[in-house]
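Here's the letter readout for the chains.
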Amino acid sequence: MNILLVYPKFPYSFWSMDHLMKMYGKKYSYPPLGLLTVAAMLPSEWNKKLIDLNIGDEITLGDLEWADYVMVSAMNVQEPSCHEIFARCREAGTRVIAGGPLFTHEFSRFTTVDHFVLNEAELTLPRFLEDLAKGCAKRVYGSPELANVHETPIPLWELADLDQYAYAVVQYSRGCPYMCDFCDVTALFGRKPRTKRPEQMIAELEAFGDIDRFGMVVFADDNLMGNKKVLKSELLPALIEWRKRKKLAVTFATQITINLADDPELMDLMLQAGFQNIFIGIETPDDEGLEACKKSQNRRRDMIENVKLLHGAGFIITAGFIVGFDTDTPSIFQRQIDFIQESGIVIAGVSVLKAPPGTELYTRMKREGRLIEEFNFHESETNIIPVMDPDVLRNGYKRVLETIYSPENIFRRTQNLLRVYRSTPRTAALKITEIKLSVLARYLAIMFRIIYYLGIRGEHRGHFWKLLGWTLKHHRGVLDVALGFGVWIYDLGKIYENHMALGHYDSHVAKIAPDRSRRQPALEHV
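Residues numbered from 1 in each chain as written. Predicted model: local features only at pLDDT ≥ 70, side-chain atom pairs only at ≥ 80, totals over all residues. Heavy atoms only, no water.

Q: Looking at this model, I keep getting lost on the overall build of the protein chain. Mind explaining?
A: If you tally the helices and strands in the protein chain, you get 19 helices and 14 strands. Whereas a compact globule of 526 residues would reach a radius of gyration of roughly 24 Å, the protein chain reaches 23 Å, a difference of no more than 12%. Once the C-alpha set of the protein chain is aligned to its principal axes, its extents read approximately 70 × 65 × 45 Å. For the protein chain, with 526 residues in total, the buried portion stands at 57%. Taking the contacts inside the protein chain whose residues are at least 6 apart along the sequence as the reference set, 76% of them involve residues at least 24 apart. Approximately 21900 Å² of the protein chain is accessible, and the part contributed by carbon and sulfur atoms is 52%. The centroid of the 63 positive side-chain charges in the protein chain is displaced by 4 Å from the centroid of its 66 negative side-chain charges. (Helix = DSSP H or I, 4+ residues; strand = E, 2+ residues; numbered from the N terminus. Rg over C-alpha atoms; globule rule 2.2 N^0.38 Å. Buried < 20%, exposed > 50% of the residue type's maximum accessible area, 1.4 Å probe, protein only. Contact = heavy atoms within 4.5 Å. Areas by Shrake-Rupley, 256 points an atom, 1.4 Å probe, with all protein chains shown as cover. Lys, Arg positive; Asp, Glu negative; His and termini not counted. Charge placed at Lys NZ, Arg CZ, Asp CG, Glu CD.)

Written out as structure tokens, the structure reads:
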């Protein structure tokens, strides 16, 4: 059996980090973890080939003629690419197997797909393979049960050209104890976090070979501290010991909740283990909005002080923000700008509220007749008819982006971060003689690219040199961090340029009829 594993392309957006990859000399951020995990569950005697459209791979007619099946795994934002893949397969007469979050709740929309292996593959893929071997494979396989992640295999990294990616990626846990109404994590993976054993995680990390060849290892968890007890007593001590034994330079990144700031012990263990970059869903500074969307962990706290505390400990925060809640008033746009600037969150992604299928918000919007059925899952689009006047929402969102992605404002919030950032992280420092020559060479190459593209050729080179000069004068101990944020002046500056040149942020906020009738309106480009 010949299996062609195809990973659909992500559209250009804030999160695609296209320009950042240029600095790293890489084609994409990280390889397809889910698809290669599924590959490891297929019979070992089958022939397998990976095509990742995000690194410039192309699907040839020869690939489709070779393949008995094309397997696709996708998230919602990859839907446009999926339609193109399915059309190519249909033309070539190649059968398609699809799975992943995009198809979990709305597989019936994809009429040309031959088989759907839904939910968690550890449970549904064996049933499909058994029926396939008998010649009686059904179209849809699903399961309401949740898998035992202790049985999840190590992904088949050998199928990927890992040198094309900036980061390595692993997953420690699935599920989240919180019930944010716009988030589909609990619908997909449940409220009780399931964690892998420490020895599993070490084996997965070591499967990459020289892990220091990557700029970072991303722990692709929806909430790393979903089970704090196990995290603190098992995984983090194991990672700390492993790092010391291997004398590693690579750092870790993950997604976590802001109440990490309430647990100094957990903060210290994470820093010792090598976690530096963390993503936090701030969503909104408006407490009424947080209550309405059931983001309980963000309420009744001073989130700006929490952010500064985490920055001061040695973490670098990337955060997500949302506009378009039913409770939002026109003042929310300036409040979001003020929060982002004062907090010093340099890498801030702002989205318009959307209701993914399977969420509580989706159910409510459908019940209220407020869903737009056809839309792309881009951060600047929505599938919700808003309470706020659509023109006010569109213009306010545009103003937020124009403001926070301007080079001057990126510079100012980088200053705010560096004023509190801990200059001596608690991660065990390596002596220069202990760092591999290959790692030093990579860092030097990145540094020279940054100086060339930002400091010499960059349109915003004035802000770049101003940042480095200010840091040398006031906080020279964190010059390396300032250099890294100089890259974001470049990356976010490119997004800003695109927004200003086109009059919108690559895509658009859906334009809803002014009367906001409860009919299902069509999207109109603005």
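Moving on from the coordinates now.
Q: Just to check I follow, could you spell out the side chain of asparagine 54 for this structure?
A: Residue placement: asparagine 54 occurs in the loop between β2 (47-52) and α3 (61-66). Polar contacts involving the side chain of asparagine 54 include one to the main-chain amide nitrogen of phenylalanine 10, which spans 2.8 Å. Polar side-chain contacts of asparagine 54 include one of 2.9 Å to the side chain of aspartate 52. In contact with asparagine 54, other than residues within four places in its own chain, are Tyr7, Pro8, Lys9, Phe10, Lys27 and Tyr28. (Polar contact = N/O pair within 3.5 Å; in protein donor to acceptor, adjacent residues only side chain to side chain.)

Q: Hey, could you run me through the sheet that holds strand β14 (residues 347-352) in this one?
A: Strands in a sheet are paired, the pairing made by backbone hydrogen bonds, and the direction either parallel or antiparallel. With parallel pairing, six strands are arranged side by side in an open sheet as β7-β10-β11-β12-β13-β14. Lying at the two open borders of the sheet, with one neighbouring strand each, are β7 (167-170) and β14. This sheet shows a mean twist of 20° between the axes of neighbouring strands, independent of strand direction. Pairing of strand β10 (residues 216-219) with strand β11 (residues 251-255), which is carried by four bridges, proceeds in the parallel orientation. Across the sheet, residue phenylalanine 219 finds its bridge partner in β11, namely threonine 254. Lying over the sheet, helix α9 (residues 228-246) contacts β10, β11 and β12 (275-283), oriented at roughly 160° with respect to β11. (Pairing = 2+ DSSP bridges. Axes fitted to C-alpha atoms, helices over the stretch in contact; angles between N-to-C directions.)

Q: Whenever I open this one, the pairing of strand β3 (residues 69-73) confuses me. Can you help?
A: The two faces of the sheet receive side chains in turn, since in a regular strand these alternate between them. By the criterion of burial, β3 is predominantly enclosed, with five of the five residues buried. Burial along β3 is two-sided: the residues Tyr69, Met71 and Ser73 and Val70 and Val72 are all buried. Sheet topology note: the strand β1 (residues 2-7)/β3 ladder contains four bridges and is parallel. Each bridged residue has a counterpart across the sheet, and for leucine 5 the counterpart in β3 is methionine 71.

Q: Which parts of the structure should I look at to understand the pairing of β1?
A: Most of β1 is tucked away, with six of its six residues classed as buried. Looking at chain direction, β1 and β2 are connected through six bridges and run parallel. Considered in β2, the bridge of tyrosine 7 is made with aspartate 52.

Q: I would appreciate a short explanation of the packing of helix α17 (residues 437-456) against helix α18 (residues 461-474) in the present structure.
A: Any two packed helices are characterised by the angle at which their axes cross and by the distance between the axes. Their axes nearest at 7 Å, the elements α17 and α18 cross at an angle of 120°. The angle between α17 and α18 places the two elements in the oblique class. Together, Ile450, Ile451, Leu454, Gly455 and Ile456 of α17 and Arg461, Phe464 and Trp465 of α18 make up the contact between the two elements. For the contact of α17 with α18, the per-class residue count stands at six nonpolar, one polar and one charged. (Parallel < 35°, antiparallel > 145°, perpendicular 65-115°, else oblique. Nonpolar A, V, L, I, M, F, W, Y, C, P; charged D, E, K, R; others polar.)

Q: How do you make sense of the side chain of serine 173 when you look at a structure like this?
A: Within the fold, serine 173 resides in strand β8 (residues 173-174). Since its relative accessible area comes to 3%, serine 173 is described here as buried. One polar contact links serine 173 to aspartate 221, side chain to side chain, over a distance of 2.5 Å. Sequence-distant contacts of serine 173, defined by excluding residues within four places in its chain, comprise Arg194, Thr195, Asp221 and Asn223.

Q: How should I be thinking about the environment of methionine 71 in this particular structure?
A: With respect to the element layout, methionine 71 can be found in strand β3. Separated by 24 residues in sequence, methionine 71 and arginine 95 have C-alpha atoms that sit 8.8 Å apart.

Q: Explain the packing of aromatic side chains here, please?
A: Tallying each qualifying case throughout the model produces 18 aromatic pairs. Between phenylalanine 103 and phenylalanine 110, the aromatic rings sit 4.9 Å apart at their centres with planes inclined by 75°, giving edge-to-face as the arrangement. Neither phenylalanine 103 nor phenylalanine 110 differs from the other in exposure class; each is buried. Between phenylalanine 208 and phenylalanine 214, the ring centres sit 5.5 Å apart and the planes meet at 80°, which makes this aromatic pair edge-to-face. As far as the burial class goes, phenylalanine 208 and phenylalanine 214 line up, both buried. Taken together, the ring pairs connect Phe86, Phe103, Phe107, Phe110 and Phe116 into an aromatic cluster. (Phe/Tyr/Trp six-rings, centres within 6.5 Å; stacked < 30°, edge-to-face > 60°.)

Q: Got a minute to help me understand a negative patch on the surface in this structure?
A: On the surface, Asp302, Glu305, Asp338 and Glu342 cluster together into a patch of negative charge. Turning to its location among the elements, glutamate 342 is positioned in helix α13 (residues 332-343). Taking the relative accessible area as the measure of exposure, glutamate 342 reaches 43% and is therefore partly exposed. (Patch = residues over 30% accessible without salt bridge, like charges linked within 9 Å, V, L, I, M, F, W, Y side chains within 5 Å. Salt bridge = Lys/Arg side-chain N within 4 Å of Asp/Glu carboxyl O.)

Q: Could you clarify how one ought to interpret helix α6 (residues 121-134) in this entry?
A: Each α-helix winds once per 3.6 residues, and so residues spaced three or four apart point in a common direction. Compared with an ideal rise of 1.5 Å per residue, which puts 14 residues at 20 Å, α6 spans 19 Å between its outermost C-alpha atoms and is within 8% of the ideal. Along α6, the positions that sit buried rather than exposed are Ala121, Glu122, Thr124, Leu125, Phe128, Leu129, Asp131 and Leu132. Among the structural elements, α2 (33-39), β3, β4 (95-99), β5 (115-117), β6 (140-141) and β8 are those in contact with the buried residues of α6. The positive-phi residue at the C-terminal boundary of α6 is glycine 135, with phi of around 80°. (Expected span 1.5 Å × (residues − 1).)

Q: Could you clarify how one ought to interpret the sheet that holds β4 in this entry?
A: Judged by pairing direction, the sheet is parallel, and its six strands sit side by side in the order β2-β1-β3-β4-β5-β6 without closing on themselves. Looking along the sheet, the strands with just one partner apiece sit at the ends: β2 and β6. In this fold helix α4 (residues 79-92) packs onto β1, β3 and β4, with an angle of close to 175° to the strand it touches most, β3.

Q: Looking at this structure, how should I read α9?
A: The terminal C-alpha atoms of α9, which comprises 19 residues, lie 25 Å apart, in line with the 27 Å expected from a rise of 1.5 Å per residue. The largest bend in α9 comes to about 30°, at leucine 235, with the proline proline 237 one to four residues further on. Taken as a whole, α9 has its buried residues at Val230, Leu231, Lys232, Leu235, Leu236, Ala238, Leu239, Ile240, Trp242 and Arg243. Contact partners of the buried residues in α9: β9 (194-195), α8 (198-206), β10, β11, α10 (264-273) and β12. Residue lysine 247 follows α9 closely and has a positive phi angle near 55°. (Bend = angle between axes of the 7 residues up to and from the residue.)

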